Amino acid sequence: MIDGCVSWALIGLQVSGVLTVCVCVCVCVCVFTLRGPLASQTGDFLFNLESVVYKEPQNVAKGCKKSKKHKKGFRKLKRHEHKAEKPQEEKKDSFAEKLATQVIKNLQVKISSIHLRYEDDLSDPKRPLSMGVTLSELSLQTADENWKTCILNEAAKIIYKLGRLECLCAYWNVGSPVLYRGDWQDVLDQLKAGISSSQQELQRYQYIFKPIFASAKMCINPNAELELKSPKANLHLEVQNIAIEMTKPQYLSMIELLESVDCMVKNGPYRKFRPDVPVHRHARLWWQYGVSSILEVHIRRFNRMWSWSNIRQHRDNLKAYKTAYKTKLLTPSKLSPDTERLLQDLEKVLDVFNITLVRQQAQMEVIRSGQRPVGRKAAGGKQAGGGGGGFFSSFFGRRAKKEEQEQEESKEPESLDELMTSGEKEKLYTAIGYSGSSHNLALPKQYVAYIVTFKLFRTSITVREEPNVPEILKVQMIDLSTRISQRPGAQAFRVEVALEHWYVTGLEQQGAVPSLIASLGDSASSLLSVQFEVNPEDGGADQLLHVQSQPVEIIYDALTVNSMVEFFKTDRGVDLEVLTSATLSKLEEIKEKTATGLSHIIETRKVLQLSVDLKPSYLLLPQSGFYHDHAHLIILDFGSLQLSSVEPSGQQPASSSFSSLEEIMDRAYERYTLQLRSVQLLYSKSGEAWKAARQQGSTLQHILQPMDFSVQLAKCMVEKDARMPRFKVSGELPLLHVKISDQKIQGVLELLDSIPLPRPSSAPSTPTGKALPLAEARPRALSLPPALLSAADTDSDEDASEKSLDEEHQRSAGEELTELHFKFEVKAVLLELTRQADQEKTVLAFSVSQLGAEGRMRSFDLSVTAYLRRIALDYCEAADARKQPLHLISSSDQQGSDLLKVEYIRADPSGPSFQTMFDSTEQTLKVEFSSLDFLLHTKALLNTINYLNSAVPQRLMASRDGEAKKQVEKAGQGKTDSRGSRDGSVFSFKLFAMLGCFHVEVCDDRRSIADIRVQGIDASVAVQAKETEVFARLRDIVVTDVDPKTIHKKAVSIVGEEVFSFKLSLFPAATEGRGYSDMSKVDGKVTMRLGCIQIVYLHKFLMSLLMFVDNFQTAKEALSAATAQAAEKAASSVRDLAQKSFRLSMDIKLKAPLIIIPSPPSPTMPLWWTWVSSRWGTASPCSRLKVFLSLPWWRRWT
């Protein structure tokens, strides 16, 4: 038996006299070596085995120097074993596996009293920070079948291992005393005393990870593959509790530490110039520090780096290093001292990137020349001695295939006979139970060889404001279990995860702790179960993924949510520029790796059997933000979600003559279907049975009727084909039905208004604009051609040209690829506004038919087309002549025509077709409106206005108006000039709008009054960096008197081609700077043309319109208030522009209107003419008409 013990060691690392890392470790390792007839005869070889396992220290006694030779021989022996097991059709235990089994059988490890501590009194000297990790004990011992520790004898066939973890915890102390300033022995004693144990938990430590206790039981059966009755290895892990806790001071100190680290990273390039004296009385040195930092880092370094002499010197260094390194690769013996010295000197000058690049170039040139490099024998002892050639490399990972091939080519094969005699080899085989003549064993596909079971009884995450106070939020997960099994015969493995319960509680209030999330499923099934399997037994697919969940209840608690928002607020802005950029770059790297993995899965065409079934969960929104039994509730039911893969049907060979190209391309997709069922929204008053109403189809409590939604997903298995989109998404919603009464509207608005919201943050904004960002502060490279930059880095121009050609080919192939094709359609939308008395009666019904959108996202552009077929607004409390509801808004019922069509295109300026296909326009919006009919019915409009005024509380409207006014004022104060320096020929936005016809019918309960038609409205907007152009045109407007007795039907009409045309051009930067003194330059230009409008004065018709308008006195008052508010905003805008006058050029041409006063059809004069003549008989007819029209309408007949 060999015992190894590492005694207490104390390590202190001090940075700038402030930051200290203290490590206190106590490790005890006991290893029992092999016992048997080979123990006395192969002592040297087993000593070599022990040295490989233990990683023996460098200060070995002189008598043990032969171990290096044995290590080398052992690695060769292992490589020989790898070569022997290359045929993998049949499975048997290799020599290395047998040897490792014997080692594991008698291996016992015990690690105790670990304390790692980090101290920081630089970030905040008033509140020093200390954080660390402590471990009481970690042990791995051999046991018997009853799990009692023992030492196994040679006859034991099954190996039992017992592991134990005690008191693993992490702390984060704020305002704690620092230890590094004291005596080393005192520091050591305090570190020992700071290790928590199972008997006591230290109260002076603020733990973020509470002490963790775990146990493990492992059963290994080396002969299980022969018996096929039990797994070869079975590991069972149990963790009692994992508790994570965080307080507000800990969170703030973490932010401060991150800011401190960020500042240190930013200050890294300038630290060598920093003087080690205080600022007071040393201003000259600190000014010199600032000047030297800018000059040396940003100016002189930049100039020196891009000077031709420096470039030439750098190229000479690269060539010299490549030549010396090639000599090193081709020299079998030791290098000359001059070459070694040259390599060392050049490695001090060059950076890691250039050294690695030149080494790879040298290796490739040596291989291309037909010579064989000596490899790691002469390349360096680092690779030959240590990394990756150890004993357990076959268990924890293998070297890359390319590296193994190079190693096999560079080293001569050696057999096992060269290391041992036949007698020694036979005794070694006997000791470890290995037989070279043992028969090979092919494992059945159903046999499970390895099982790992993990059980976590309880997990909790707690957030507190201060230690020892009630928690703000507590998340608990009960009984989390995981089972991993592997079937080597089928190259399959299976992962099963199950979570029994999940609870989230909030801040205690009114003597009760509110429940935010609770499980609702029965005890017979788990809350969440996940099953993933590769190569399942049924063979129906290559991969299998099943996810099932039981419903959960989510309750909104306002005090808890507001407290969590306050918890994560800081008193000042946080700017973690360097850490944020590093995190984003890491995320991009992970994204690229994930994309590469997905591409590999698509290329290998694995068939995935997917099944996700999530039972319906719901959200409760209580009145005042606190749930109790008598609270009014808004219930949002998320519905059940089912996601499953679609099995391809009707498989035919692609070469079939009956299959068209479209059918073959359609079968090249993997399809999935997503079903969302019974999504609903309810409003329940106190005492109403909302749980029973939620299970029913439609009740008086429903606002959103149960809704079903389906989505079809398709993923293409062909990577690069311009005809086939990579992803297809199509969705369909049959009916979106919302039914709400006036009382529900009042209740919902009052409930939402009663919930307290988080207070707005008063912290200053992130100081991103105060200092120059680090990315901009760093010296930038000159805009040299890519060929010159590549030549400056490498001499292999042939490789660079081949790589650039490949990249250009890939880019040209990816230009026309379609990444996503989506299509969504809502068949019908129905909104019913009802009046609730004894029962609900529909007042207004708004319906939309066939609302959809379709689009494509390609590499350099995005196009979306949305359409709307038909809309209607019906007033149900009154009927027309056909006993049908009044159609206040209606559209054409013509088949195949769209009422509204909107097309949006966004193009990337770097795309190849930006100028040709998209006319140098980044965003284009086209709107086409066919025709729409409006019915202005007096009673229907009055009742609708009264209904809406009664449904919406007035105090809510007043509060919303006040908040809107404050937001407008705040937005006006925060206006900034966001003009960019874009290319003048590029359009950032274009809008084209075309309106076919508006038809408005004015009527009351007795008769129709007027018919108004507006036709041919065109509008366009074009926005450039230096010019914005707005154009609008109205072609025709006709107002008709529908009275059958009238002779002149058209009261208002157009004489000519169009009513008016308007064009406005704005030049944002035309009069800035010196341009303000140039009077030929203007800020805007207006061109307007107004055609001739023919007006026929019909007194009765005019009086009918005025009487119709007078019925809406409330609307007139609201319009007057809105007009006054708009005038006030305009006045404020004029005051803002008073600092600099707006120079406008106007070109306006107006044609005088044509007013016709018809003569009476009979000799009898009209009443108004008689009335005027009786008062002003001597006046002319025109003067009499002017006087008559100048009077108010109610005085014209008095």
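Heads up: the structure comes first, above all this text.
A brief report on the enclosed structure follows. (Residues numbered from 1 in each chain as written. Predicted model: local features only at pLDDT ≥ 70, side-chain atom pairs only at ≥ 80, totals over all residues. Heavy atoms only, no water.)

A few words on the overall build of the protein. The number of helices and strands found in the protein is 29 helices and 33 strands. Looking at the 1198 residues of the protein, the share that counts as buried comes to 33%. Pairs at least 24 residues apart make up 71% of the contacts formed inside the protein by residues separated by at least 6 positions. About 71500 Å² of surface is accessible on the protein, with carbon and sulfur atoms providing 57% of the total. (Helix = DSSP H or I, 4+ residues; strand = E, 2+ residues; numbered from the N terminus. Buried < 20%, exposed > 50% of the residue type's maximum accessible area, 1.4 Å probe, protein only. Contact = heavy atoms within 4.5 Å. Areas by Shrake-Rupley, 256 points an atom, 1.4 Å probe, with all protein chains shown as cover.)

Turning our attention to the environment of Leu757. Counting through the fold element by element, Leu757 comes out in the loop between helix H20 (742-754) and helix H21 (774-777). On the basis of relative accessibility, which here comes to 66%, the residue Leu757 falls in the exposed class.

The next point concerns empty space enclosed by the protein. Taken as a whole, this structure holds seven cavities of 30 Å³ or more when the rule is applied. Its boundaries defined by the atoms lining it, the second largest cavity holds a volume of some 90 Å³. Taken together, 13 residues line the second largest cavity, and the ones lying closest to its centre are Phe860, Asp861, Pro912, Ser913 and Phe918. Split by residue class, the lining of the second largest cavity holds six nonpolar, two polar and five charged. (1 Å grid on protein atoms, 1.4 Å probe; cavity = no way out; pocket = protein on both sides within 12 Å on 5 of 7 lines; lining within 4 Å. Points joined across faces, edges and corners; volume = space filled by probe spheres on them. Nonpolar A, V, L, I, M, F, W, Y, C, P; charged D, E, K, R; others polar.)

All right, on to the packing of H20 against helix H24 (residues 938-951) then. One can describe the packing of H20 onto H24 by two numbers: an axis separation of 8 Å at closest approach and a directional angle of 35°. Listed contacts from H24 to Asp742, Ile745 and Gln746 of H20 are Tyr947, Ser950 and Ala951. Residue composition of the contact of H20 with H24, by class: three nonpolar, two polar and one charged. (Axes fitted to C-alpha atoms, helices over the stretch in contact; angles between N-to-C directions.)

Taken as a whole, this structure holds 13 aromatic pairs when the rule is applied. Measuring from centroid to centroid gives 4.7 Å for Tyr171 and Tyr205, while their planes differ by 75°, and the two rings are edge-to-face. Of this pair, Tyr171 sits in strand E5 (residues 159-174) while Tyr205 sits in the loop between helix H4 (184-193) and strand E6 (207-220), and the two are 34 residues apart along the sequence. Take Tyr171: its relative accessible area is 1%, and that puts it in the buried class. With relative accessibility at 9%, the residue Tyr205 sits in the buried group. Consider the rings of Phe929 and Phe998, whose centres lie 6.1 Å apart with planes at 40°: the pair is tilted. You can see Phe929 sitting in strand E26 (residues 923-937) and its partner Phe998 sitting in strand E27 (residues 987-1003), a full 69 residues away along the chain. Looking at Phe998, the relative accessible area reads 25%, which means it is partly exposed. The ring of Tyr669 has Lys728 lying over it, and the distance from NZ or CZ to the ring centre is 4.5 Å. (Phe/Tyr/Trp six-rings, centres within 6.5 Å; stacked < 30°, edge-to-face > 60°. Lys NZ or Arg CZ within 6 Å of the ring centre and 35° of its normal.)

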